[in-house]
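Residues per chain, in single letters:
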Amino acid sequence: MKRAVVLAMWLVLCAHVGSPDTYFEGTAGPYPVRVVIRNPGVVPGLAQISVRLLAPHAVRRVLVLPVFWDPRTAAPPPPDLALRVPGDSMLYSSALWLMTRGSYGVQVTVEGESGTGRALVPVMAVATSRLALQKPLGAALLAFGAFLFVGAVTIIGAAVRESGLEPGVEPDSHRMLRARIAMGLGAVVLALAITGGRAWWNSVDAAYRSGLYQAPHATAILRADHGKQILRLTIDATSGSYPRRQWRPLVPDHGHLMHLFLVRNSLLDVFAHLHPLPVDSTTFETVLPPLPRGRYRLYGDIVDESGFAQTLVSTVDVAAPGGPWRPSDADDAWTIDAVSQTAATIVALEDGSSMAWERGGLPIVVDRDAPLHFVVTDPTGRPAQLEPYMGMAGHAMVMRDDGAVFVHLHPEGTISLAALQTFALRQSADTMRGLLSARLTAPQHEPTPVTVYTMSVKNVKESRVSSASLSFPYAFPKAGRYRIWVEVKRHGRILTGLFHADVQGTNSTR
């Protein structure tokens, strides 16, 4: 079990576990777009971005620009032009340099017949891997280096032995001895230079390794209090490798400082979505529902005031269910799936309605758009009227059975609303830690529409819930068996549907 937890923590990336890429679906002014940003995994590194128009428009050009979160940084360079992909008139692509670790807001600008529209897509730039040196290339470089070494020593010997001789004159024994001594000394100097270069390279590599992203460590402790099970989650603000071991204040995402998900580790049949209340800046507590005994995986989504979103990973052992449950927050919900191994595309919900996954007949393949489209019908079979759940039509949680992938999805994609707010609402004076967080967490705070983006923060928060269907833009990052929990709200009640997906691998490379 400890190995599994360590593996899961090692796979943490940004706001998602094992799911590094960013998916966004929304509008850039009058233009509906879907934006996918492939994380390079190294910083500095080139992120690949694709912008797909979801409706036919006459577009002149598409521009993309990554802007670092800190207003103290230099002004961003001019935007890059996204080129139209040959054979697909609706798709544009480009590559963006992410030069600094941290939060970026990628501005997507679409210019066309309907004017100019902009969308803002938060992206987390973190180093998660080292680019490996391929063995054939390493062997070729070693051979070339040996050739240069021998050539340099030979040139030194020839220079000492023959540089002062007339043409056609053979060097005497004294010159030969001097040449051999020079070649020996030259070989020693070159060897020392190579050794020093190797030591320098190893120190640079060690510094890079130490900077690979790790989420802060979180400790989960369960205690009993008057028949209730109280879960306390404490974040070690001095742990983790980013951002620079300096803890920044958290900002609310969908009205909550933390979204905590629990999944029973043995059967994966129990799921809870809770919202712990802060005790202090790094400690949170929540009353557990009467979860059955077992060990639970914990995933905690948080966002700091720089817009940097992370997922904390931990575990907790539940020895026995608690007493009557009164949620710590009105948005808390949990469910037990009695038939967790079935692969049904239509599941019954607790209020008698049903949820159908319209996945089509094609297989689900890694790195290809997943058909995450769901329709809710009431007990009479008619489309059900959904209510906003934390400001959105619904939420989806996707987890691979081994826990190596966990992601919290919204109809707008994988982006965090809090990260979007921090970029859209930041001011040039927000140079001190805590200023932006204080504004965003103030009780009277109401997100102000951002005029530079036609799609305002307020409009993102108030996602339309005018139909019984909802979709989530996403592509599965790894092959395997997955579980998908979809949460919606009807008549003030939070309902959860559970589905299963077998994701196939692909031979294509990214």
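Since we're looking at a predicted model, the values are computed, not measured.

**With respect to the overall build of the protein chain**
Then step 1. Scanning the protein chain from terminus to terminus reveals six helices and 28 strands.
Then step 2. Buried residues in the protein chain amount to 50% of all 510 residues.
Then step 3. Considering only intrachain contacts with a sequence separation of at least 6, the fraction spanning at least 24 residues in the protein chain is 68%.
Then step 4. Total accessible area computed for the protein chain in this model is approximately 24,300 Å², and 59% of it derives from carbon and sulfur atoms.

**Considering the nonpolar core**
Then step 1. Val33, Val35, Ile49 and Val108 are the most contacted members of the largest nonpolar core, which totals 39 residues.
Then step 2. Every element with two or more residues in this core is listed here: β3 (22-28), β4 (31-38), β5 (45-53), β6 (59-68), β8 (91-98), β9 (102-112), β10 (115-125) and α4 (417-425).
Then step 3. Counting residues per element, this core draws most heavily on β10, at five residues.
Then step 4. With near-sequence residues (within four places) excluded, Val108 lies in contact with Ala28, Val35, Ile49, Val51, Val62, Leu63, Val64, Gly117, Arg118, Ala119 and Val121.
Then step 5. By size, the runner-up hydrophobic cluster in this structure holds 33 residues, among which are Val36, Phe374, Ala396 and Val503.

**With respect to the sheet that holds strand β13 (residues 259-264)**
Then step 1. Pairing in this open sheet of five strands is antiparallel, and the strands run β18-β17-β13-β14-β19 from one edge to the other. Edge positions in the sheet fall to β18 (309-318) and β19 (333-336), since each of these pairs with one other strand and no more. Taking each pair of neighbouring strands and ignoring which way they run, the sheet shows an average axis angle of 15 degrees.
Then step 2. Bridge analysis of β13 against strand β17 (residues 294-303) gives six bridges, and the strand direction is antiparallel.

**Points about the sheet that holds strand β20 (residues 346-348)**
Then step 1. In space, the four strands of this open sheet follow the order β20-β21-β23-β26, with antiparallel pairing throughout. Across the chains shown, the open sheet's two edge strands, defined by having one partner strand only, are β20 and β26 (469-471). Across the sheet, the mean angle separating the axes of adjacent strands is 20 degrees when strand polarity is ignored.
Then step 2. Across three bridges, strand β23 (residues 373-377) lies against β26 in antiparallel orientation. Across the sheet, the residue bridging to His373 is Ser471, located in β26.

**Thoughts on the pattern of salt bridges**
Then step 1. Counted according to the given criterion, the structure contains 20 salt bridges.
Then step 2. When the shortest N-O distance is used, the salt bridge between Arg38 and Asp21 registers 2.8 Å. With Arg38 in strand β4 and Asp21 in the loop between β2 (16-17) and β3, this residue pair connects regions lying 17 residues apart in the sequence.
Then step 3. The buried category is assigned to Asp21, whose relative accessible area is 3%.
Then step 4. Look at the salt bridges and you will find they share partners, linking Asp21, Arg38 and Asp367 into a network.

**Quick look at the pairing of strand β28 (residues 493-504)**
Then step 1. Within β28, nine of the 12 residues are buried, leaving the element largely enclosed by the surrounding structure.
Then step 2. Pairing analysis gives two bridges linking strand β22 (residues 364-365) to β28, with the strands arranged parallel. Note that in β28 the partner of Val365 across the bridge is Gln504.
Then step 3. Two elements, strand β27 (residues 480-490) and β28, share 11 bridges in a ladder whose sense is antiparallel. The residue of β28 that forms the bridge with Trp485 is Leu498.
Then step 4. Remark: two residues form the turn of the hairpin made by β27 and β28, two consecutive strands paired antiparallel; His491 in that turn has positive phi of roughly 50 degrees.

**Points about the confidence of the model for the protein chain**
Then step 1. Here the protein chain averages 86 in pLDDT, and 85% of its residues register 70 or above.
Then step 2. Here residues 1-13 scores under 50 on pLDDT; set against residues more than four positions off or in separate chains, the count is 22 contacts.
Then step 3. Confidence drops under pLDDT 50 across residues 444-464; counting only partners more than four residues distant or on other chains, this segment forms 45 contacts.

**Regarding a nonpolar patch on the surface**
Then step 1. Where nonpolar side chains cluster on the molecular surface, the patch consists of Leu46, Trp97 and Met99 and spans about 320 Å² of accessible area.
Then step 2. Tracing the sequence through the fold places Trp97 in strand β8.

**Notes on the environment of Arg130**
Then step 1. Mapped onto the secondary structure, Arg130 falls in the loop between β10 and α2 (135-162).
Then step 2. Between the C-alpha atoms of Arg130 and Tyr208, which are 78 residues apart in sequence, the distance is 8.3 Å.
Then step 3. Beyond its immediate stretch of four places on either side in the chain, Arg130 contacts Asp205, Tyr208 and Arg209.
Then step 4. Side-chain polar atoms of Arg130 contact the side chain of Asp205, separated by 2.7 Å.

Definitions and cut-offs
- Residues numbered from 1 in each chain as written.
- Predicted model: local features only at pLDDT ≥ 70, side-chain atom pairs only at ≥ 80, totals over all residues.
- Heavy atoms only, no water.
- Helix = DSSP H or I, 4+ residues; strand = E, 2+ residues; numbered from the N terminus.
- Buried < 20%, exposed > 50% of the residue type's maximum accessible area, 1.4 Å probe, protein only.
- Contact = heavy atoms within 4.5 Å.
- Areas by Shrake-Rupley, 256 points an atom, 1.4 Å probe, with all protein chains shown as cover.
- Core = buried A, V, L, I, M, F, W, Y, C linked by side-chain atoms within 4.5 Å.
- Pairing = 2+ DSSP bridges.
- Axes fitted to C-alpha atoms, helices over the stretch in contact; angles between N-to-C directions.
- Salt bridge = Lys/Arg side-chain N within 4 Å of Asp/Glu carboxyl O.
- pLDDT = per-residue confidence, 0-100.
- Patch = residues over 30% accessible without salt bridge, like charges linked within 9 Å, V, L, I, M, F, W, Y side chains within 5 Å.
- Polar contact = N/O pair within 3.5 Å; in protein donor to acceptor, adjacent residues only side chain to side chain.

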